[in-house]
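Next come the chains, spelled out residue by residue.
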Amino acid sequence: MKNLFFILVLISSPFMQNLFFSEYIEGSSNNKAIEIFNPTSQNIDLSDYAFASSTNGSDGSYENWNEFNEGSIIASGDVYVICHNSADDLIQAECDQQHYYMSNGNDGFALVQGTEESFEVLDWIGDWNDDPGSGWDVCSIGSTQNQTLVRYSNVASGSSWSISSDASTCEWEVYESNTFNYLGYHDYDPNGEPSPYLIVVSPSSGNLYQTSDIEVILSVGNFDVGATSEGLDGHIHYSLDNGNTVMVYDTNPFILSGLSEGEHTLAVWLVNNNHQEL
């Protein structure tokens, strides 16, 4: 039986406007962070806010009232990052406040304004209801466990988790575990369109497969894939081990067959109808 090791390269009811979650990281070990964005024209003092949480499900109420550090302010257009005390140095470099009890994927966080007794929920990652198991589904393409979530640039305010995480009203770009390069800033364009995204659902980067044939499953969003003659947004290119570029004109799974034993690198990217990389 052949042992294959894959490395994936990916190229590339509303609330009033207030603070909202712009990124969530649940990576390996203690690589965990939550980012909050200020879309308003004013600097915001966080003394009137909190990031309340529940652990492994709840009865609809928070279990932990987590306050921001005294004197914390988010400038207009800036972000505030909360991270685990032992997170990777790349996360720590962007971290504004350390917090030991971050999510393992199944711990719900709400960004709230008010007091412990009387508050308004501004935004959610997960919820305070039943235990979701290992994590909550995110837009049918990801999970709150072992993934990085980045809010669409055209989202202007928080929303209920049932809205932001539903495939039909999705507000999150989903990235592989330990993706940190979007942390510390947020691209914000409330009048723009959501950015196209491409995710390799399978195979998973870094996994070992005992087969010579690998099925590749892709998830593409905010981008209509088809032949150039169809007048859609574009199509997909991929290459295996820096070899020839292969063009794909649909999102159906495809097979990489006859692979030799060892490590392989699969690069997948979106292109427009002129074959220009996005």
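Remember, predicted model here, so these are calculated numbers, not experimental data.

### Focus: the state of the cysteines
Turning to step 1, where the next piece is worked out: As enumerated under the stated definition, the model contains two disulfides in all.
Turning to step 2, where the next piece is worked out: Disulfide partner of Cys 83: Cys 95, at an S-S distance of 2.3 Å. Here the S-S torsion is close to -100°, and the disulfide linking Cys 83 with Cys 95 is therefore left-handed. A residue pair is termed long-range when its members are at least 10 positions apart, and Cys 83 in strand S7 (residues 79–83) and Cys 95 in the loop between helix H1 (89–92) and strand S8 (97–98) qualify at twelve residues.
Turning to step 3, where the next piece is worked out: When its relative accessible area of 0% is taken as the criterion, Cys 83 is described as buried.
Turning to step 4, where the next piece is worked out: Two residues share a disulfide in this structure: Cys 139 and Cys 170, whose sulfurs sit 2.1 Å from each other. In this structure the cystine formed by Cys 139 and Cys 170 twists about its S-S bond by roughly 85°; its chirality is therefore right-handed. Placement of Cys 139 in the loop between strand S11 (137–138) and strand S12 (142–143) and of Cys 170 in the loop between helix H2 (161–164) and strand S14 (172–176) is noted, with a sequence separation of 31 residues between them. Taken individually, Cys 139 and Cys 170 each receive the classification buried, so the pair is uniform in this respect.

### Focus on the sheet that holds strand S20 (residues 254–256)
Turning to step 1, where the next piece is worked out: Ordered by their spatial adjacency, three strands build an open sheet running S15-S17-S20, and the pairing between neighbours is antiparallel. The open sheet has two edge strands, strand S15 (197–202) and S20, and neither has a second partner. Neighbour-to-neighbour, the strand axes of the sheet open up by a mean angle of 35°, direction not taken into account.
Turning to step 2, where the next piece is worked out: As defined by bridge partners, S15 adjoins strand S17 (residues 214–221) across five bridges and the pair is classed as antiparallel.

### Re the layout of surface pockets
Turning to step 1, where the next piece is worked out: Roughly 270 Å³ of internal volume is contained in the second largest pocket.
Turning to step 2, where the next piece is worked out: In this structure, the second largest pocket is lined by 14 residues; those nearest its centre are Gln 147, Glu 176, Val 200, Val 201 and Ser 204.
Turning to step 3, where the next piece is worked out: Residues of the lining of the second largest pocket, tallied by class, amount to eight nonpolar, five polar and one charged.

### A look at the pairing of strand S5 (residues 49–53)
Turning to step 1, where the next piece is worked out: Burial analysis of S5 places five of its five residues in the buried class, which makes it a mostly covered element.
Turning to step 2, where the next piece is worked out: Burial along S5 is two-sided: the residues Tyr 49, Phe 51 and Ser 53 and Ala 50 and Ala 52 are all buried.

### Notes on the sheet that holds strand S3 (residues 32–37)
Turning to step 1, where the next piece is worked out: Spatially, six strands are ordered S8-S7-S3-S2-S13-S14 in an open sheet, and the strand pairing comes out mixed. Both outer strands of the open sheet, S8 and S14, are each paired with one neighbouring strand and no more.
Turning to step 2, where the next piece is worked out: Sheet analysis places strand S2 (residues 20–26) next to strand S13 (residues 147–151), joined by four bridges and oriented antiparallel. Within the sheet, the bridge partner assigned to Tyr 24 lies in S13 and is Leu 149.

Procedures and definitions
Residues numbered from 1 in each chain as written. Predicted model: local features only at pLDDT ≥ 70, side-chain atom pairs only at ≥ 80, totals over all residues. Heavy atoms only, no water. Disulfide = S-S within 2.5 Å. Helix = DSSP H or I, 4+ residues; strand = E, 2+ residues; numbered from the N terminus. Buried < 20%, exposed > 50% of the residue type's maximum accessible area, 1.4 Å probe, protein only. Pairing = 2+ DSSP bridges. Axes fitted to C-alpha atoms, helices over the stretch in contact; angles between N-to-C directions. 1 Å grid on protein atoms, 1.4 Å probe; cavity = no way out; pocket = protein on both sides within 12 Å on 5 of 7 lines; lining within 4 Å. Points joined across faces, edges and corners; volume = space filled by probe spheres on them. Nonpolar A, V, L, I, M, F, W, Y, C, P; charged D, E, K, R; others polar.

By themselves, these are just geometric observations and shouldn't be taken as functional.
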